[in-house]
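Structural overview for review
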Protein chains: 2
Amino acid sequence: MVRARRLEVLPGPRLPTLVWTGRGALEAYARSDDSWLRDRSLFVVTDRRVARLHGERLEALRQRAAKLRLYRVASGETAKSLQVAERLWRRLLRDGARRDSCLVAFGGGSVGDLAGFVASTLLRGITLLQLPTTLLAQVDAALGGKTAIDLPEAKNCVGTFYHPRAVIAEPALLGTLARREMASGLAEVIKIGAVLDARLFRRLERGLDAALGGDTETLSPVISAAQALKMTVVGSDPFESDSRRVLNFGHTLGHAIETVLGYGRFRHGEAVAYGMLFALRLAVLRGLDPAVERRITMLIRRLPLPPLPPMSAARLIAAISRDKKSDRGGVVWVLPTALGVARMDREVEPVLAKRELAAFLHSETIAV
Amino acid sequence: MVRARRLEVLPGPRLPTLVWTGRGALEAYARSDDSWLRDRSLFVVTDRRVARLHGERLEALRQRAAKLRLYRVASGETAKSLQVAERLWRRLLRDGARRDSCLVAFGGGSVGDLAGFVASTLLRGITLLQLPTTLLAQVDAALGGKTAIDLPEAKNCVGTFYHPRAVIAEPALLGTLARREMASGLAEVIKIGAVLDARLFRRLERGLDAALGGDTETLSPVISAAQALKMTVVGSDPFESDSRRVLNFGHTLGHAIETVLGYGRFRHGEAVAYGMLFALRLAVLRGLDPAVERRITMLIRRLPLPPLPPMSAARLIAAISRDKKSDRGGVVWVLPTALGVARMDREVEPVLAKRELAAFLHSETIAV
């Protein structure tokens, strides 16, 4: 009498994500998607700084859409709260958002995470457009469909996998970025090169200083190469259950540094840079050619990183084991095995990791 | 210099949904999925009534999982609030939920909606198991991947499409259902038969009274037929962008009745029953054979429905046009065209709908 039935529901994407990149990308997108935009309501979530610096860029969309409304949130991680999400849901509903409305995330990674989460859950999901204004968001955060808000218990602990209809990466927006923001974004680009593509890595060795200075000619091909690599990995593992984890190189310790320091003191890419430096030490212990380790380390060291404050290895290890990347199998380290190649390593002994971490902290800081 | 790249990300399901149905389904599921359950933490969300009546049924899962914890929420729609969702997220995190944990929704439609939403958003989605305890949830709410909470602005206005790993429908749980709950579930089954399957419809004509009385022999094949039909429709249109809307037969007015009356006065299926009766009147105006209309109407009238209180046609029409099923193309009515067949009709003149609604309300109630 008991029967098992197998339901094959394939919740595929509404549409594939389009990535527009290069100078004039926003205007080109607005023209290309004209018929879709024409009778659509656009709700733009942005932060005050971006609205002031780049607000007029939205004209390209405003001219084509039926209606455009702007919602300003605080800058940075503080906007990624449940309270702000609730305020946005309710405002959007009162302002007439419907299933065929479109939410535009216009800002850095925090705005993208927050707006993405709101778009993915309002009326069970409305169309999302990512318009990233930082290098980090253009090459990383805006791609891949991760959305999130924070709770007191943990950062990014509530969120969804939800792919935008389009990601529009205009390099001209990067002209107003502080050097520290640029370095943070470049740390993620180095990460992508180090674990996925030796060619991109070599390109960065040649052009890192020009890129740091905001040179668009250098940045544009680097951005589109990094996007293409990330897209390929995401496409093969949309829910980060397996191969996509390679993108977490430097993030195991990086997230722990952010947690222990408190968010806001370090840029995300800065914490990831230190995370990569440490992972490279582990990688050598696990068989990586020391010459490759030195080469990647040297490129990371060319970034203007703030010094690592004194931190306790025990607290960092505790934060790592609470991370959502850990499962009942323990901590997964992403370790390079050659230039442009890495693997997920579950076999690093916790005792070894802790001892090595203490040595690393000691070499990086004045006191541990 | 501007380049468009097309990213084909297919966020497919982690695993297909399995539906277990029939007597002993829970025990059979727990045995079959033993290896998966063995080192897993299970977090069960239920309401107080279900915990009291059926809590011991969880033993089948508890024996096999690494750990099982129970969270009780209020019964009915009140649990579907952001406050309750937040409390659950935070409790689950503090209690050690990880990506490989599993959330079990053990209750009716409200528990399923709430727990589904929490599971779909915690750590960007943990495994969800639906263990529906009402007929309505077994044949409808627990299948199809819709999750939701309510805001003051609207019911179900925040949610996700997120498919459970398994739906386990044990008919023995229905033994404690009030007759009104049974009627509410049967209204949804009549709906499925009326728009998708004349054979199921005829089966209900023969067995409705036995089903209302809770006869398991009658209910079991009806439940599995309704599940299979719903699964097929959902599989072909997971995001309800097109063909799946046929399942909204009776829901256009039904949801408006719930909104205007305030939730809790009518069971969902009762409101849908009146919604179907009205849609059938429109269907005749749009060409349905009056004999078919009478046949479906007669079956619906055999349900013990509470009388429709006096309501204003204008308020109902306003609620319909605010519904998330409406878009810039206007209101979509699902109208039968024959027994077991229906179509989406966007051409019903609003003036006609309103006049017909006033007449319907007049015939159903003492005063309008």
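The next subject is the overall build of chain A. Counting its secondary structure elements, chain A contains 15 helices and 11 strands. Overall size of chain A, expressed as C-alpha extent along the three principal axes, is 70 × 60 × 35 Å. Expressed as a percentage of the 368 residues in chain A, the buried residues total 62%. Counted over contacts in chain A with a minimum sequence separation of 6, partners at least 24 positions apart contribute 78%. Accessible surface, chain A as shown: approximately 13,600 Å² in total, 50% of it carbon and sulfur.

Below, the discussion takes up a positive patch on the surface. Residue and element names in this part refer to chain A. Positive charge collects at one region of the surface, where Arg199, Arg202, Arg203 and Arg206 lie side by side. In this fold, Arg202 is placed in helix H9 (residues 198–212). The partly exposed category is assigned to Arg202, whose relative accessible area is 36%.

With that settled, the discussion passes to helix H5 (residues 82–94) of chain B. All names here are of chain B. Given a rise of 1.5 Å per residue, 13 residues ought to cover 18 Å, and the 18 Å separating the end C-alpha atoms of H5 matches this to within 8%. Those residues of H5 not exposed but buried are Leu82, Val84, Ala85, Leu88, Trp89, Leu92 and Leu93. The buried residues of H5 all sit within an arc of 165° when viewed along its axis, so they share a single face. Across H5 from its buried face, at more than 90 degrees, point the exposed residues Arg87 and Arg94.

A separate point is the pairing of strand S10 (residues 333–338) of chain A. All names here are of chain A. Sheet topology note: the S10/strand S11 (residues 341–345) ladder contains 5 bridges and is antiparallel. Bridging across to S11, Pro336 finds its partner in Ala342. Counted between consecutive antiparallel strands, the loop separating S10 from S11 contains 2 residues, among which Gly340 sits at a positive phi close to 90°.

With that settled, consider the nonpolar core. Leu135, Leu186, Leu204, Leu253, Ile257, Ile300 and Leu316 of chain A are the most contacted members of the largest nonpolar core, which totals 69 residues. In terms of residues, this core owes the most to one element, helix H12 (residues 268–285) of chain A, which gives 11 residues. Excluding residues within four positions of it along the chain, Ile257 of chain A makes contact with Phe266, Ala271, Tyr274, Leu308, Met311 and Leu316 of chain A. Residues Leu208, Phe249, Phe266 and Ile296 of chain B belong to the second largest nonpolar core, which totals 68 residues.

Let us look at the packing of helix H12 (residues 268–285) of chain B against helix H13 (residues 290–301) of chain B. Residue and element names in this part refer to chain B. For the pair H12 and H13, the least separation of the axes is 10 Å and the interaxial angle reads 170°. For the element pair H12 / H13, the angle class is roughly antiparallel. Contact with H12, carried on its side by Ala273, Met276, Leu277, Leu280 and Val284, involves Pro290, Glu293, Ile296, Thr297, Ile300 and Arg301 of H13 and no other residues of that element.

This paragraph deals with the side chain of His268 of chain A. Residues and elements named next belong to chain A. With respect to the secondary-structure elements, His268 resides in helix H12. Owing to a relative accessible area of 19%, His268 belongs among the buried residues under this scheme. Contacts of His268, omitting those with residues within four sequence positions, involve Leu136, Ser184, Glu188, His251, His255 and Glu258.

Our next topic: the side chain of Gln227 of chain B. Residues and elements named next belong to chain B. In this structure, Gln227 sits in helix H10 (residues 216–236). At 3.4 Å, the side chain of Gln227 and the side chain of Thr21 are in polar contact. Setting aside residues up to four positions removed in sequence, Gln227 forms contacts with Val19, Thr21, Gln138, Val139, Leu143 and Ala169.

Let us now look at the packing of aromatic side chains. Residue and element names in this part refer to chain A. Within the structure shown, the criterion is met by 12 aromatic pairs over all chains. Between Trp89 and Phe117 the ring centres are 5.9 Å apart and the planes differ by 50°, which places this aromatic pair in the tilted class. A residue pair is termed long-range when its members are at least 10 positions apart, and Trp89 in helix H5 (residues 82–94) and Phe117 in helix H6 (residues 109–121) qualify at 28 residues. Comparing Trp89 with Phe117, the two get one shared label, buried.

Time to look at the environment of Leu122 of chain A. Mapping Leu122 of chain A onto the fold places it in the loop between H6 and strand S6 (127–132). For the pair formed by Leu122 of chain A and Ala256 of chain A, sequence separation is 134 residues and the distance between their alpha carbons is 31 Å. Discounting residues that sit within four places of it in the chain, Leu122 of chain A has contacts with Trp89, Leu92, Leu93 and Ala97 of chain A together with Cys157 of chain B.

Our focus in this paragraph is unusual backbone geometry. Peptide bonds are, in most cases, trans, and in most cases residues other than glycine have a negative phi. All names here are of chain B. Positive phi outside glycine occurs at Arg124, with the angle close to 65°. Secondary-structure assignment places Arg124 in the loop between helix H6 (109–121) and strand S6 (127–132). Phi at Asn156 is positive, roughly 55°, even though this residue is not glycine. Along the chain, Asn156 turns up in strand S8 (residues 154–161).

Now for the state of the cysteines. Across all of its chains, the model carries 0 disulfides over all chains by this definition. For the unlinked cysteine Cys157 of chain A, the closest cysteine sulfur is that of Cys102 of chain B, found at 19 Å. On the basis of relative accessibility, which here comes to 1%, the residue Cys157 of chain A falls in the buried class. According to the relative accessible area criterion, Cys102 of chain B is buried, its value standing at 0%.

Right, let's get into the confidence of the model for chain A. Low-pLDDT stretches of the model should not have their predicted coordinates read in fine detail. Residues with a pLDDT of 70 or more make up 94% of chain A, whose mean pLDDT is 91. If you check the scores for this complex, the pTM reads 0.92 and the ipTM reads 0.91.

Mapped onto the elements, Gly340 of chain A comes out in the loop between S10 and S11. In the structure, Gly340 of chain A is positioned 147 residues away from Gly193 of chain A in sequence and 5.9 Å away in space, judged by C-alpha atoms.

As a further point, take the environment of Val104 of chain B. Residues and elements named next belong to chain B. Among the secondary structure elements, Val104 is positioned in strand S5 (residues 102–107). By relative accessible area, Val104 is classed as buried at 0%. The spatial distance from the C-alpha of Val104 to the C-alpha of Ala60 is 13 Å, given a sequence separation of 44 residues. Residues in contact with Val104, not counting those within four places in the same chain, are Leu42, Phe43, Val44, Val45, Leu129 and Leu131.

Moving on to H12 of chain A. Since one α-helical turn is 3.6 residues long, residues separated by three or four positions face the same way. All names here are of chain A. Relative to the 26 Å expected for 18 residues at 1.5 Å per residue, H12 spans 26 Å between its end C-alpha atoms, a close match to the ideal helical length. Counted residue by residue, H12 has 15 buried out of 18 residues, so it is predominantly covered. Positive phi appears at Gly287, one or two residues downstream of H12, with a value of about 115°.

Conventions used here
- Residues numbered from 1 in each chain as written.
- Chains lettered and ligands numbered in written order.
- Predicted model: local features only at pLDDT ≥ 70, side-chain atom pairs only at ≥ 80, totals over all residues.
- Heavy atoms only, no water.
- Helix = DSSP H or I, 4+ residues; strand = E, 2+ residues; numbered from the N terminus.
- Buried < 20%, exposed > 50% of the residue type's maximum accessible area, 1.4 Å probe, protein only.
- Contact = heavy atoms within 4.5 Å.
- Areas by Shrake-Rupley, 256 points an atom, 1.4 Å probe, with all protein chains shown as cover.
- Patch = residues over 30% accessible without salt bridge, like charges linked within 9 Å, V, L, I, M, F, W, Y side chains within 5 Å.
- Salt bridge = Lys/Arg side-chain N within 4 Å of Asp/Glu carboxyl O.
- Lys, Arg positive; Asp, Glu negative; His and termini not counted.
- Charge placed at Lys NZ, Arg CZ, Asp CG, Glu CD.
- Expected span 1.5 Å × (residues − 1).
- Arc of directions from axis to C-beta.
- Pairing = 2+ DSSP bridges.
- Core = buried A, V, L, I, M, F, W, Y, C linked by side-chain atoms within 4.5 Å.
- Axes fitted to C-alpha atoms, helices over the stretch in contact; angles between N-to-C directions.
- Parallel < 35°, antiparallel > 145°, perpendicular 65-115°, else oblique.
- Polar contact = N/O pair within 3.5 Å; in protein donor to acceptor, adjacent residues only side chain to side chain.
- Phe/Tyr/Trp six-rings, centres within 6.5 Å; stacked < 30°, edge-to-face > 60°.
- Disulfide = S-S within 2.5 Å.
- pLDDT = per-residue confidence, 0-100.

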